[in-house]
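Observations on the model geometry
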Amino acid sequence: MKIIYSDAHQGHAGALEMRGEAFVPMAECPERMAVIVQALAQAGLTDMQAPTLHGLEAAARVHDPDFLRFLETAYPMWLAQKGPGSAAFARVFGMRGLAQRPNMNSVDAMLSAFTFDIFSPIVAGTWDAIRSALDITLTGARVMQSGAPSVFSLCRPPGHHASGDLAGGYCYLNNAAIAAQYYRDQGAERVAILDIDYHHGNGTQRIFYDRDDVQFISLHGRPEEEYPFLLGFADETGHGKGEGFNLNLPMPPGTRIGTYMDAVAAASARIRAFSPDMLIVSLGVDTYEHDPVGGFCLQSPDYLTLGQSIADLRLPSHFVMEGGYAIEALGHNVANVLTGYLNG
Ligand SMILES: [Zn+2]
């Protein structure tokens, strides 16, 4: 399996996030990629390739043009309007009744309009990291188009919480959604996205909610008590012609592999019935028992089982990196998913 990776994400670093009442270093940090690269090598997954450069055209098929402009210009504008010393954060969010098109010359207005939480800070290296993740995703898609059975786009920052015009939850561009739309534009008739990150892929769901050509299935901590709280319920099944093409499988805190695999079986049945040309796996391993921002109890060997069950679908499979924050086990868990898949 080819692994597409670049170090260009490393400048997206140094911002803080709120945990309890304190601001602490963000769990979504460059070290995540370093431990994954190391663990992949130890597992014999060494076929690594640098991404080729791509423009923003594929991203613009999924994301609003003003949103893309915001991501590119926010930090230089923040520096000019606020001076150095902190990451760019919103102080007001575009809540119901406050929604207007923002003044694109005001960084505060843009941050308010285009982010939905305080977990998507923008620092000097953020845009380069976002662009790199896009290149890694699209390079992976090109590898698949050349006939590869599978590929791993090892990208950072993750993407599944980002919708067409909203960043949040460590996510800016929705890499998996961009890949799905790219495959459609290149001739695939049906694309399925299986999101196994601990958190609901609210951004991906929103992007494809009224469509019948991209199936979205998410296994996650139930939103009654877990981020992103406002989406991810089981009764969200799609809208209009998209009705029946969105499947949420929320599970309670403490979920272990037995219950989890029941959900994987339900997801697999729906994917088989859809018969997609391409499967995109939003690969998060924050379902791990010791993940600092997760609430499930999956153990490292369980990820072999999970990878095997994805292989059982017998579909061309494009893995796109999402979350996973238990630095001591993150690399091993990701390697186990891929090893389970390749041995399946
Ligand atoms: Zn997550």
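The structure we're discussing is the one just above.
Because the structure is a prediction, the values reported are computed rather than measured.

Thoughts on the coordination of the zinc ion
Under ideal tetrahedral coordination, the four donors around a metal are separated by 109.5 degrees; under ideal octahedral coordination, the six donors are separated by 90 or 180 degrees. At this site the zinc ion is bound by D197 (OD), H199 (ND1) and D286 (OD), with donor distances of 1.9 to 2.1 Å. Each donor residue of the zinc ion lies on the same chain, and together they follow the pattern D-x1-H-x86-D. Here D197 and H199 have matching classes, each one buried.

With respect to the pairing of strand 10 (residues 317–321)
Regular strands place their side chains on alternate faces of the sheet. In terms of burial, strand 10 is a largely internal element, five of the five residues being buried. Residues S317, F319 and M321 line one face of strand 10 and the alternating positions H318 and V320 line the opposite face, and both faces are buried. Relative to strand 10, strand 5 (residues 150–153) is paired through four bridges, and the arrangement is parallel. By the bridge assignment, F152 is partnered in strand 10 with F319. Sheet analysis places strand 9 (residues 278–283) next to strand 10, joined by five bridges and oriented parallel. Each bridged residue has a counterpart across the sheet, and for L279 the counterpart in strand 10 is S317. A crossover connection joins strand 9 to the parallel strand 10 through helix 9 (residues 302–311); in handedness this β-α-β unit is right-handed.

So, the environment of Q299
For Q299, the location among the structural elements is in the loop between strand 9 and helix 9. Sequence separation between Q299 and H161 is 138 residues, and the spatial gap between their C-alpha atoms is 24 Å. The residues touching Q299, leaving out its near neighbours within four places in the chain, are R256, Y288 and E289.

A short note on the pattern of salt bridges
If the charged atoms of two oppositely charged side chains come close together, the side chains can form a pair. Scanning the model with the defined rule gives 13 salt bridges in all. Across the pair K2 and D47 runs a salt bridge whose closest N-O atoms are separated by 3.5 Å. With K2 in strand 1 (residues 2–4) and D47 in the loop between helix 1 (31–42) and strand 4 (48–49), this pair connects stretches of sequence that are 45 residues apart. For D47, a relative accessible area of 38% puts it in the partly exposed group. Across the pair R91 and D108 runs a salt bridge whose closest N-O atoms are separated by 2.9 Å. You can see R91 sitting in the loop between helix 3 (65–82) and helix 4 (107–114) and its partner D108 sitting in helix 4, a full 17 residues away along the chain. Its relative accessible area of 23% is what places D108 among the partly exposed residues.

Some remarks on unusual backbone geometry
For the bond running from R156 to P157, omega is 0 degrees, close enough to zero to count as cis. Along the chain, P157 turns up in the loop between strand 5 and helix 6 (175–185). Residue P228 is bonded to the preceding Y227 through a cis peptide linkage, with omega at 10 degrees. You can see P228 is positioned in the loop between strand 7 (214–221) and strand 8 (246–251). Backbone geometry at Y170 places phi at a positive 70 degrees, although glycine is not the residue there. Relative to the assigned elements, Y170 resides in the loop between strand 5 and helix 6. Backbone geometry places R314, a non-glycine residue, at a positive phi of 55 degrees. On the secondary structure map, R314 appears in the loop between helix 9 and strand 10.

Remarks on the layout of surface pockets
Estimates place the volume of the second largest pocket at around 280 Å³. Lining of the second largest pocket is provided by 18 residues; of these, F119, Y170, H199, Y227 and V293 occupy positions nearest its centre. Among the residues making up the lining of the second largest pocket, the classes are represented as eight nonpolar, five polar and five charged.

Points about the packing of helix 8 (residues 257–274) against helix 9
As a packed pair, helix 8 and helix 9 sit with axes 11 Å apart at the nearest point and diverge in direction by 10 degrees. Considered as vectors, helix 8 and helix 9 are oriented roughly parallel to each other. Contacts between helix 8 and helix 9 involve I257, Y260, M261, V264 and S268 from the former and D302, T305, L306 and S309 from the latter. A breakdown of the residues in the contact of helix 8 with helix 9 according to their chemical character gives five nonpolar, three polar and one charged.

Things to note about helix 5 (residues 126–145)
The end-to-end C-alpha distance of helix 5, which contains 20 residues, comes to 29 Å, matching closely the 28 Å that a straight helix rising 1.5 Å per residue would cover. Within helix 5, 16 of the 20 residues are buried, which leaves the element mostly enclosed by the surrounding structure.

Quick word on the side chain of S218
By the secondary structure assignment, S218 is in strand 7. Residues in contact with S218, not counting those within four places in the same chain, are D195, H199, H200, G201, L247, N248 and L249.

Here we look at the packing of helix 9 against helix 10 (residues 327–343)
It is at 6 Å that the axes of helix 9 and helix 10 come closest, and there the two elements cross at 40 degrees. For the pair helix 9 and helix 10, the crossing hand works out as right-handed. Of helix 10, the residues touching helix 9 (which contributes Y303, L304, G307, Q308, I310 and A311) are N333, N336, V337, T339, G340 and Y341. Considered class by class, the residues forming the contact of helix 9 with helix 10 number six nonpolar, six polar and no charged.

Some remarks on the nonpolar core
Within the largest apolar cluster, 101 residues are counted, with the highest numbers of intra-cluster contacts made by L40, F152, L219, I280, L283, F319 and V334. Ranked by residue count, the leading element in this core is helix 5, at nine residues. Once you skip the residues sitting within four places of it in the chain, L283 turns out to touch F152, I196, F319, V320, M321, E322, G323, V334, V337 and L338. By size, the runner-up hydrophobic cluster in this structure holds eight residues, among which are A15, A27, V123 and Y170.

Basis of the calculations
Residues numbered from 1 in each chain as written. Predicted model: local features only at pLDDT ≥ 70, side-chain atom pairs only at ≥ 80, totals over all residues. Heavy atoms only, no water. Donors = N, O, S within 2.8 Å, 3.2 Å for Na, K, Ca; no water. Buried < 20%, exposed > 50% of the residue type's maximum accessible area, 1.4 Å probe, protein only. Helix = DSSP H or I, 4+ residues; strand = E, 2+ residues; numbered from the N terminus. Pairing = 2+ DSSP bridges. Right-handed = clockwise from strand over helix to strand, strands pointing away. Contact = heavy atoms within 4.5 Å. Salt bridge = Lys/Arg side-chain N within 4 Å of Asp/Glu carboxyl O. 1 Å grid on protein atoms, 1.4 Å probe; cavity = no way out; pocket = protein on both sides within 12 Å on 5 of 7 lines; lining within 4 Å. Points joined across faces, edges and corners; volume = space filled by probe spheres on them. Nonpolar A, V, L, I, M, F, W, Y, C, P; charged D, E, K, R; others polar. Axes fitted to C-alpha atoms, helices over the stretch in contact; angles between N-to-C directions. Parallel < 35°, antiparallel > 145°, perpendicular 65-115°, else oblique. Expected span 1.5 Å × (residues − 1). Left-handed = near helix turned anticlockwise from the far one by under 90°. Core = buried A, V, L, I, M, F, W, Y, C linked by side-chain atoms within 4.5 Å.

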